[in-house]
Every structure is written in structure tokens, then in C-alpha cells.
Amino acid sequence: MTRAYSIYDVFTDTKLAGNPLAVVFDGDGLADDTMQRIAAEMNLSETVFLSAPESPGHAARVRIFTPARELPFAGHPTVGAAIALAEREHGDGTLDLVSVLEENVGPVRCAVKLREGKAGFAEFDLPRKSAEIAMPLDRQGLADALGLSIREIGFENHVPSIWSAGVPFLMIPVHDLNAATKVDFDTGLWERTAPFCEGRLTSAYVYCRGGVNHQAKFHARMFSPDMGIAEDPATGAAVAALSGAIRHFDALPDGHHAMIVEQGVEMGRPSFIHLHIDVEAQDISGARIGGQAVRLASGTLNL
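Note that the structure is a prediction, hence the values are computed from the model and not measured.

Rules of the game
Residues numbered from 1 in each chain as written. Predicted model: local features only at pLDDT ≥ 70, side-chain atom pairs only at ≥ 80, totals over all residues. Heavy atoms only, no water. Helix = DSSP H or I, 4+ residues; strand = E, 2+ residues; numbered from the N terminus. Rg over C-alpha atoms; globule rule 2.2 N^0.38 Å. Buried < 20%, exposed > 50% of the residue type's maximum accessible area, 1.4 Å probe, protein only. Contact = heavy atoms within 4.5 Å. Lys, Arg positive; Asp, Glu negative; His and termini not counted. Charge placed at Lys NZ, Arg CZ, Asp CG, Glu CD. Salt bridge = Lys/Arg side-chain N within 4 Å of Asp/Glu carboxyl O. Expected span 1.5 Å × (residues − 1). Core = buried A, V, L, I, M, F, W, Y, C linked by side-chain atoms within 4.5 Å. Phe/Tyr/Trp six-rings, centres within 6.5 Å; stacked < 30°, edge-to-face > 60°. 1 Å grid on protein atoms, 1.4 Å probe; cavity = no way out; pocket = protein on both sides within 12 Å on 5 of 7 lines; lining within 4 Å. Points joined across faces, edges and corners; volume = space filled by probe spheres on them. Nonpolar A, V, L, I, M, F, W, Y, C, P; charged D, E, K, R; others polar.

> I tried to follow the overall build of the protein on my own but got confused; where do I start?
In terms of helices and strands, the protein carries 6 helices and 19 strands. For 303 residues, the compact-globule estimate of 2.2 N^0.38 gives 19 Å, and the C-alpha radius of gyration of the protein, at 18 Å, lies within 12% of that figure. By principal-axis analysis of the C-alpha atoms, the protein measures approximately 55 × 40 × 35 Å. A burial count over the protein gives 56% of its 303 residues as buried. Intrachain contacts of the protein at a sequence separation of at least 6 include 64% that bridge at least 24 residues. Each charge class in the protein was averaged separately, 25 positive and 39 negative side chains, and the resulting centres sit 1 Å apart.

As C-alpha cells, then:
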């Protein structure tokens, strides 16, 4: 049986930049093991499989797989899948729509903007508010795993901590852009140092203030041996988790806060993730993540 698929570059408007995503449109009837094997064959950060939704009012059921395992939620697959579905169903003209994707984390509401001749844009409400997971952390061990000195770990009020908005990440603030750029991630040391959370080895999300692009408020890198990802060009689920750390450590005042997080620069695949945080009574009342995506290729799987 043949199944249509497309490759999208996500969190960018430029082909061969951002984070590549495989979107398999005809996912109905595929076994879990088959989806995992296809994701391993694609060997991208994530592959998504779209099938008929359980609710007739929703756009699609979405399953998200890294080369190593399934995820309940992820940002660049959500953005890419929403844009891919809209373009497949409505073409490449001008259109604004709202759709709901059924992910394992729950229903995710997405707003999609298509503009003729331009990369599509999608923005989604976080299905869960970021929350801290309190666990003891070995700061020196984390520094060693990143190839940094302990003096380069942390900036201002930011210290290592674990946050999750559906997928937990060990957030490691580093002193500046120079420290982030020279990170030399050691998988063996990380596996001996990082804690397990929700039954999985936590992934490393390294971040600092500022960025190579003058519009970026934060610069980030993500490493995940557990997901089978040596380094990820863009990690929306990590930015979702980061929203809680930013609100907490920066003590964001009530109101709306918009920012861009850049990632993938060191990989030659710059990505720009839009993060919006609404704060009310000193707590997050809502948050959204958005970005562009551009189709690179389309084809069929012959299974």
C-alpha cells in the first residue's frame, strides 16, 4: 500500500534550515511498531503520522515519533502538521483557519495562516502549563557533561532545573552565547549524571540570554540521547517547558510577554520559535508557541 508523505522544514521560512519533519498523511491502520520503524528510517528529529480524528470536529489524530520512541507532544511536529494539513486540504493560497489536533497529550488548538507565495505560519496553545519538577541536580556533573566549567553554569537568577509542559527537560542556563556555542556534549557523562524523570532519561536544554539574531531573546541548544537525537535544530516542547522557567526566574510581571527563541545555529539550521506568555496574578494564565514551515519534498511510502 502506498502512503503519501511530505518533508517540511519547520520554524523557518527558508528551505534546508529549521528543523525537518516528515509528515505521513495516511496513518490509518499502521501498527505502532511500523510507525516507529518508519521514524527510524526517516531518521529526522520527529516523524508524524496523521489519521482520522476521534472527534469529527477535529482536524486529525496525530502520533509523534522520534527515531527512538513516541512522544505525547512536541512543538515542531505540531506546527508542521497543522501547516501541512492546511496546505494539503486548501492549497497554497491565502487562508486563516483554526484546527484542533488530537495528540497523546490531549487536543491541541492551532491557528494557521497561509499566504500565497510565503511559508505558512501556525501557532498553538500549550496543552499543559509548564510546571517545575523538583529533583536534586549535580551542577558539577552537568558542567562536565557539557564540557564547560562550573562557573559557566547559570546566569542572573537562572539555575539548572527541570520543567515540563508535557515532556520534561533539564534546563541548563549558561553564562553567555560563547559558553552555549562551545558546549561539547558527552553522552556517557550525561547518562551518568542526569536524572530519570517519568521513567526516561531527561534531555538537556542549554540556554542563555540574547542570540546571534538581534531579535532573539534567548539562544538554545537541545541534546537527547533518550530520544535518539544527537542535537535538535528546534524543540518546541522544550520552549514550552522553558516558559515556566522564564516566568519563575525572571519574575515576569502581569501582562503579555512576546519573545523569540533561536536554536540550531551551531548546526547550520537556524530556527526561530515564537513564544508568547500571558501572566496573571504572578502565574502563567496562558502560553502559545508559533513558527513558520516550508515544504521541501513530497512522495509516497511503498509499504
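Once the structure has been displayed, the description carries forward.
> Looking at this structure, how should I read the pattern of salt bridges?
Side chains that differ in sign of charge can pair as their charged atoms come close. In this structure the tally under the stated criterion is 18 salt bridges. For the salt bridge of arginine 269 with aspartate 9, the shortest nitrogen-to-oxygen distance reads 3.0 Å. In this pair, arginine 269 is assigned in the loop between β17 (255–263) and β18 (271–280) and aspartate 9 in strand β1 (residues 2–10), connecting sequence segments 260 residues apart. Side by side, arginine 269 and aspartate 9 carry an identical accessibility label, which is buried. The residue arginine 221 makes a salt bridge to glutamate 231 at a minimum N-O spacing of 2.9 Å. Separated by 10 residues along the polypeptide, arginine 221 in strand β15 (residues 218–224) and glutamate 231 in strand β16 (residues 229–232) bring together distant segments of the chain.

> Can you walk me through helix α2 (residues 75–90) in this structure?
Because the α-helix completes a turn every 3.6 residues, residues three or four places apart line up on one side. With 16 residues, α2 extends 23 Å from end C-alpha to end C-alpha; this agrees with the ideal 22 Å at 1.5 Å per step. For α2, a buried count of 13 out of 16 residues is recorded, marking the element as mostly surrounded by other parts of the structure. In the segment just after α2, glycine 91 is the residue with positive phi, at about 80°.

> I tried to follow the nonpolar core on my own but got confused; where do I start?
One recurring pattern in soluble globular proteins: nonpolar side chains tend to sit buried together. In this structure, Phe169, Tyr205, Tyr207 and Ile289 are the most contacted members of the largest nonpolar core, which totals 65 residues. Among the elements that line this core, the one with the most residues is helix α6 (residues 236–250), at 9 residues. Not counting chain neighbours up to four residues away, the residues in contact with tyrosine 207 comprise Phe155, His158, Met171, Ile172, Pro173, Val174, Phe218, His219, Ala220, Leu242, Ala245 and Phe249. Val174, Phe185, Leu201 and Val206 belong to the second-largest nonpolar core, a separate cluster that totals 22 residues.

> Teacher, can you tell me more about the packing of aromatic side chains here?
All chains considered together, the criterion is met by 7 aromatic pairs. Aromatic side chains phenylalanine 155 and tyrosine 207 sit 5.8 Å apart centroid to centroid with 80° between the ring planes, which places their arrangement in the edge-to-face category. One end of the pair, phenylalanine 155, is in the loop between α3 (139–146) and β10 (161–164); the other, tyrosine 207, is in strand β14 (residues 203–209), with 52 residues separating them in the sequence. Take phenylalanine 155 and tyrosine 207: they sit in the same class, and that class is buried. Connected via pairs of aromatic rings, a cluster forms that spans Phe155, Tyr207 and Phe218.

> Quick question: what am I supposed to make of unusual backbone geometry here?
The phi torsion at leucine 16 lies on the positive side, around 70°, for a residue other than glycine. Within the element layout of this structure, leucine 16 appears in the loop between β1 and β2 (19–24). One non-glycine residue, glutamate 156, lies in the positive phi region at around 45°. Tracing the backbone through its elements, the reader meets glutamate 156 in the loop between α3 and β10. Overall, the relative accessible area of 63% leaves glutamate 156 in the exposed class.

> How should empty space enclosed by the protein be read in this particular structure?
To find the voids left in a structure, one rolls a probe of water-molecule size over its atoms. All chains considered together, the criterion is met by 1 cavity of 30 Å³ or more. Approximately 60 Å³ is the volume found for the largest cavity. Lining the largest cavity are 15 residues, and of these Glu46, Leu71, Ala74, Thr235 and Ala237 lie nearest its centre. Only α2 and α6 provide two or more residues apiece to the lining of the largest cavity. No other element matches α2, which puts 3 residues into the lining of the largest cavity. Each residue belonging to the lining of the largest cavity can be placed in one class, and the counts come to 9 nonpolar, 4 polar and 2 charged.

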